[in-house]
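The residues making up each chain are set out below.
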Amino acid sequence: MIEFQRHVLKNGLRVIVHQDTSSPLAVVNVLYKVGSRNEDPEHTGLAHLLEHLMFEGSDHIEDFDSPLQAAGGENNAFTDEDITNYYITVPAQNLETAFWLESDRMKCLTLSDESISVQKGVVIEEFNQRCRNVPYGDMAHLSHSLAYKVHPYRWPVIGLDVSHIADVPNEVIRAFYEKHYAPDNAILVVAGNVDPQRVFAMAEKWFGDIDKHSNVAIIPQEPVQTESRFLEVTRDVPSDVLKMIYHMSDHHSREYYIMDIATDILSDGTSSRLINRLTKKQPMMTDVDCGISGNVDPGLVNVHGTLLPGISFTDAEAVVREEIEKLANEGATEYELQKVKNRTEATRVCGAIMLTVKARELAFMESLGDANLINTEFDIYNTVTNQEIKETVGKLMIDSPASILHYKANTKA
Amino acid sequence: MTTLDRSKQPEILGIEMPNIPLLEHTTLSNGADLYVMHGGTQPITRVDICLNAGPHRAKKAGVAHATSVMIGEGIPGMNSEQIAEKIDFYGAQMWQRSTGAYTVISFFVLDKFLCDVLPIIEQMIKCPTFPQKEIDIYLKKELQQLRIKLKKPSFFAAHTFTNLLYEEGCVYGRVSTEENIKSITRDDIVAFHKETYTPQSLKIFISGQPSQRSIDEVTRAFGSQWCDNADSFTRAMPVYRQWETQTKIIDFPGAMQASIHMDKVSPNLDHPDSIPLNIANTIFGGYFGSRLMSNIREEKGLTYGIGSTLIVRNNGGHIRITSEVEPTKYDIVVKEIANEMNRMRNELVGEDELLMVKNYMKGSIMSKYETVIVSIDNLIPIILEGGSYRRDCEIYNMIEKITAEEIMELSNRYFIPEDYKILIVK
């Protein structure tokens, strides 16, 4: 049970405090409900670029990192399709530095022309490092645009192309910041050796005067996919990769929990059905994975496998489909369901070890609508029935059309 | 009511050395070292079994790692699938790491299930069956994965650099190749296991919230002389290769970035320079606000990341600088790295910067000990190299007292640009 207290400021900022006196540290996690889903198609990669710019100075604090380091702190952030999440770890006695830094950059990020120019260069190198200078680097670009035709999930978080990052006008960046970086679009979580009442007072002191409101545009929803889709590409890679993509509901739905268990049965652990069959028993792949995206808008079920030399896409796909059908028709065994329960319990216990994980999870659950999901989610998992697993897998992965990607190697050994 | 002054940082309070939990040490009846560290708030136990079975002991590259993976693929009465089923069922996580003289087999599990998984792991270590079928599958997978990795310029650069730094035949410079993987046989693995998976030089770490029953079970499993020890192993020494020029450049067609690797030998773990160099290296390139990051990433936008890592070993440690940079500007980056080295050598670190780094490092040490089953990750490599688990106390004390003059002096020994071998892959 992860205990916490919750308070909402007048300006809409949600503040959550989890006290943990076993640690001398405090973690401050600020989650903004903005991700690549909030971008326009002409300016993709903007949410992630802005994440970089959040470290480039605010009107009262020219240098973000040095004062934090002087307080013994460390920080990082990430952007995904739905959120941008910032976290600071600091010795608990220096907590207030984190509030000073986070509140100033929420209120008045400077966004100078110079810092924009430098960070564009940095992000372009990140794009190169993640997508252009690695084999399979464009996998996300191809698979996202195959599965989605309308929704902004159709482009990856890093952006469609380096030119989007290079060419985005500075005013567009500033407008994006104003629209999304407001207290009513944010969740502040503090976890560690802190006193909740003192934290709430500190939140009021530093964030209370931020009088900004978010202005989040409506996001175009993806129409139901009615036809099967197929894409084949050839690249300079040594192994073929197969991707099979299915649509599913969002993280708020019961379907999310059912499919989380179903995909665990398929590919969590060496003994799982796909991994055991395709990489050990009847080797056709070097690795295979089946997971769910867990997005706030309707997301995906992804099957991803690297084929061994000499194995055809047709044969590999046939085996994957066979395993999906078996699960839909017969469901999981009692042993498998108990295994999932044990693994879920282990995950739960591990999730309660590190402050950064607890803080992030509290923030994320609050962004879904209820911070207490951090405790109650496990109860939801325990109520999922075998009948639900069969029906949902059948509905999503057999009765609905899939998107298939054949990523072919041009240099096979 | 006082107006909020956003231009002023709130007061910073001092950062003390965190409490390092006691590492209880016992010697088992077979001479093995057992270390136990209690801590944390969750009922998880982690066990790390450190065998003197690392790659430096093998005759071929890849054999040590192959053995460490293959032990999990069959034991008397259980095949690969059955073993995986059991380990997964109890929610245990198992992994292995082979480096230098040691292979470490690690697992963690809810303490209540430890006695269910331990007998399986015990048999993996003592009497694995090494099924040929599983070895074939493993080698095929290793081959494919190596081919994929070598398509990545940054991996190719690190791989090639390791090989080029040392003389032909020196184990420190041995890297995996296709020919090498294809040459690994079951006999190699069986022989290596027989020679090295013994109680000789065995060290076991138990951390988290182990019950006494768990500790007793681990002691029973690994505390006896379950087989003969091999002849004693003389630790391998690094033999460095002479380069005709300081810099080697290798073309990698299609590379979208230039990969820069620079290397120099660092002082041994017990050398008086080892601990203070930690601090000098942090300022130079060891954290986000370092000289290298500030210059090459934050000022010039030429890279997503650049860093200088101090690898501390009993013997054969080094300082390694790496970065993936804008492909047409690698020469500028190399020049700037040299400039930053010379700044460290010729200019005293300013008071503000020094205080900032000291506090940052103290905070970093505090974070390391947040939770015992994570902090053990930092302690095991130091102990395997012959260091003390309380090394961070020495580092903390050095952080308190080191001066800008001492840092400058150290820089003039270890940050001389001409001393570094440089590899560019572009």
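Residues numbered from 1 in each chain as written. Chains lettered and ligands numbered in written order. Predicted model: local features only at pLDDT ≥ 70, side-chain atom pairs only at ≥ 80, totals over all residues. Heavy atoms only, no water.

Q: Requested: an account of the overall build of chain B, with residues and values cited.
A: Scanning chain B from terminus to terminus reveals 15 helices and 13 strands. For chain B, buried positions account for 57% of its 426 residues. Mean positive and mean negative side-chain charge positions of chain B (46 and 54 charges, respectively) differ by 4 Å. (Helix = DSSP H or I, 4+ residues; strand = E, 2+ residues; numbered from the N terminus. Buried < 20%, exposed > 50% of the residue type's maximum accessible area, 1.4 Å probe, protein only. Lys, Arg positive; Asp, Glu negative; His and termini not counted. Charge placed at Lys NZ, Arg CZ, Asp CG, Glu CD.)

Q: Talk me through the nonpolar core; I want residue IDs and the actual numbers.
A: M259, M285, I389, V393 and M397 of chain A are the most contacted members of the largest nonpolar core, which totals 69 residues. Broken down by element, this core gets its largest block of residues, eight residues, from helix α9 (residues 254-267) of chain A. Not counting the four nearest positions on each side in its chain, M397 of chain A is found in contact with Y246, M259, C290, V301, V303 and I324 of chain A. Within the second largest apolar cluster, 64 residues are counted, among which are F205, I275, L384 and L410 of chain B. (Core = buried A, V, L, I, M, F, W, Y, C linked by side-chain atoms within 4.5 Å. Contact = heavy atoms within 4.5 Å.)

Q: Give me the lowdown on the interface of chain B and chain A, citing residues and values where you can.
A: Contacts between chain B and chain A engage 72 residues on the former and 78 residues on the latter. Taking both sides of the interface into account, the surface hidden between chain B and chain A amounts to around 6300 Å²; carbon and sulfur atoms contribute 58%. Among the ionic pairs, E85 of chain B bridges to K339 of chain A, the shortest N-O distance being 2.8 Å. Here chain B is connected to chain A by 35 residue pairs in polar contact (both at pLDDT 80 or more). Among the secondary structure elements, those contributing two or more residues to the side of chain B that touches chain A are α2 (80-89), β7 (102-110), α4 (132-149), α10 (291-299), β11 (303-311), β12 (318-325), α12 (351-368) and α13 (372-384) of chain B. (Buried area = accessible area lost by both parts, 1.4 Å probe. Salt bridge = Lys/Arg side-chain N within 4 Å of Asp/Glu carboxyl O. Polar contact = N/O pair within 3.5 Å; in protein donor to acceptor, adjacent residues only side chain to side chain.)

Q: Please give an account of the pairing of β12 of chain B that cites residues and values.
A: Regular strands have side chains that alternate between both faces of the sheet. Residues and elements named next belong to chain B. With respect to burial, β12 is a largely interior element, seven of its eight residues being buried. In terms of strand pairing, strand β10 (residues 258-265) meets β12 through eight bridges, oriented antiparallel. Bridging from a neighbouring strand, A258 pairs with V325 of β12. Relative to β12, β11 is paired through seven bridges, and the arrangement is antiparallel. When the sheet's bridge partners are listed, S308 is paired in β12 with I321. Hairpin connection between β11 and β12: a loop of six residues separates the two successive antiparallel strands, and G316 in this loop has a positive phi of roughly 85°. (Pairing = 2+ DSSP bridges.)

Q: How would you explain the sheet that holds β10 of chain B if you had to name every residue and give the values?
A: All names here are of chain B. Pairing is mixed in the open sheet, where five strands are placed in the order β9-β13-β10-β12-β11. Of all strands in the sheet, those bounded by a partner on one side alone are β9 (247-250) and β11. Along the sheet, successive strands turn relative to each other by an average axial angle of 10°, direction set aside. (Axes fitted to C-alpha atoms, helices over the stretch in contact; angles between N-to-C directions.)

Q: Can you break down the pattern of salt bridges residue by residue, with the values?
A: Under the defined criterion, the tally for this structure stands at 57 salt bridges over all chains. Note that E81 of chain B and K281 of chain A form a salt bridge whose closest N and O atoms lie 3.5 Å from each other. Of this pair, E81 of chain B sits in helix α2 while K281 of chain A is found in helix α10 (residues 273-281), placing the two residues in two different chains. On the accessibility criterion, K281 of chain A (52% relative accessible area) is exposed. Salt-bridge contacts for R343 of chain A lead to D88 of chain B; the nearest nitrogen and oxygen are separated by 3.5 Å. Of the two residues, R343 of chain A sits in helix α12 (residues 334-351) while D88 of chain B sits in helix α2, which places them in two different chains. Here the two residues R343 of chain A and D88 of chain B agree in accessibility, since each one is buried. One network of salt bridges, with partners in common, ties together D104, K107 and D209 of chain A together with R6 of chain B.

Q: Could you give me a rundown of the environment of M106 of chain A, with the residues and numbers involved?
A: All names here are of chain A. Its location among the elements puts M106 in helix α3 (residues 95-107). On the basis of relative accessibility, which here comes to 0%, the residue M106 falls in the buried class. Separated by 104 residues in the primary sequence, M106 and I210 place their C-alpha atoms 8.1 Å from one another. Here M106 is in contact with L13, V30, Y32, Y177, Y181, A182, P183, A186, F207, I210 and K212, once residues within four sequence places are set aside.

Q: Can you break down the packing of α9 of chain A against helix α15 (residues 386-397) of chain A residue by residue, with the values?
A: Residues and elements named next belong to chain A. The geometry of α9 relative to α15 is characterised by a closest axis approach of 9 Å and an angle of 90° between their N-to-C directions. One finds that α9 runs roughly perpendicular with respect to α15. Facing α9, whose interface residues are R254, E255, I258, M259, I261, A262 and I265, α15 presents E388, I389, T392, V393, K395, L396 and M397. (Parallel < 35°, antiparallel > 145°, perpendicular 65-115°, else oblique.)

Q: Which residues make up unusual backbone geometry, and what values do they have?
A: What you tend to see is this: most non-glycine residues have negative phi, and most peptide bonds are trans. Despite not being glycine, L111 of chain A shows a phi value in the positive range, around 55°. By the secondary structure assignment, L111 of chain A is in the loop between α3 and α4 (113-132). Non-glycine residue S201 of chain B carries a positive phi angle of around 60°. Mapping S201 of chain B onto the fold places it in the loop between α7 (186-196) and β8 (203-208). Classification of S201 of chain B as partly exposed rests on a relative accessible area of 38%.

Q: So what's going on with helix α1 (residues 63-70) of chain B? Residues and values would help.
A: Residue and element names in this part refer to chain B. Among the eight residues of α1, seven are classified as buried, and the element is accordingly described as predominantly covered. Turning to α1, its buried residues are V63, A64, A66, T67, S68, V69 and M70. Lining the buried residues of α1 we find β4 (74-75), β6 (93-99), β7, α4 and α7.

Q: Could you give an account of the packing of aromatic side chains, naming the residues involved and the relevant values?
A: A complete count under the given rule lists 24 aromatic pairs over all chains for this structure. With a centroid separation of 4.5 Å and 20° between ring planes, the pair formed by Y335 of chain A and F89 of chain B is classed as stacked. Remark: F89 of chain B occurs in helix α2 and Y335 of chain A occurs in helix α12; the pair is interchain, linking two chains. Ring pairing ties together the aromatic residues Y32, F55, F64, Y86, Y177 and Y181 of chain A, which thus form one cluster. A cation over an aromatic ring shows up here: K248 of chain B above the ring of W243 of chain B, its NZ or CZ 4.7 Å from the ring centre. (Phe/Tyr/Trp six-rings, centres within 6.5 Å; stacked < 30°, edge-to-face > 60°. Lys NZ or Arg CZ within 6 Å of the ring centre and 35° of its normal.)

Q: I'd like a rundown of helix α8 (residues 212-222) of chain B, residues and numbers included.
A: Residue and element names in this part refer to chain B. Restricting attention to buried positions, one finds in α8 the residues S214, I215, V218, A221 and F222. Along α8, the residues classed as buried sweep out an arc of 130° about the axis, all on the same side. Across from the buried face of α8, at angles greater than 90 degrees, the exposed residues are Q212 and R213. On its buried face, α8 sits against β2 (33-38), β3 (44-51), α3 (114-126) and β8. (Arc of directions from axis to C-beta.)

Q: Describe the state of the cysteines, and please don't skip the residues or the numbers.
A: All names here are of chain B. By the definition in use, this model includes zero disulfides over all chains. Counting only cysteine sulfurs, C227 is the nearest neighbor of C127, a cysteine outside any disulfide, at a range of 11 Å. Given the relative accessible area of 31%, C127 is considered partly exposed. (Disulfide = S-S within 2.5 Å.)

Q: Please set out the side chain of H164 of chain A residue by residue, giving values where relevant.
A: As for its placement among the helices and strands, H164 of chain A is situated in helix α6 (residues 162-167). Not counting residues up to four positions away in its chain, the partners in contact with H164 of chain A are P41, E42, H43 and T44 of chain A.

Q: Can you break down the sheet that holds strand β11 (residues 403-409) of chain A residue by residue, with the values?
A: All names here are of chain A. With mixed pairing, the five strands of this open sheet are ordered in space as β7-β11-β8-β10-β9. Single-partner strands in this sheet number two, and they are β7 (229-235) and β9 (285-292). Taken pair by pair, the neighbouring strands of this sheet meet at an average axis angle of 10°, ignoring direction. Sheet analysis places β9 next to strand β10 (residues 300-307), joined by seven bridges and oriented antiparallel. Following the sheet pairing, D287 is matched in β10 by T306.

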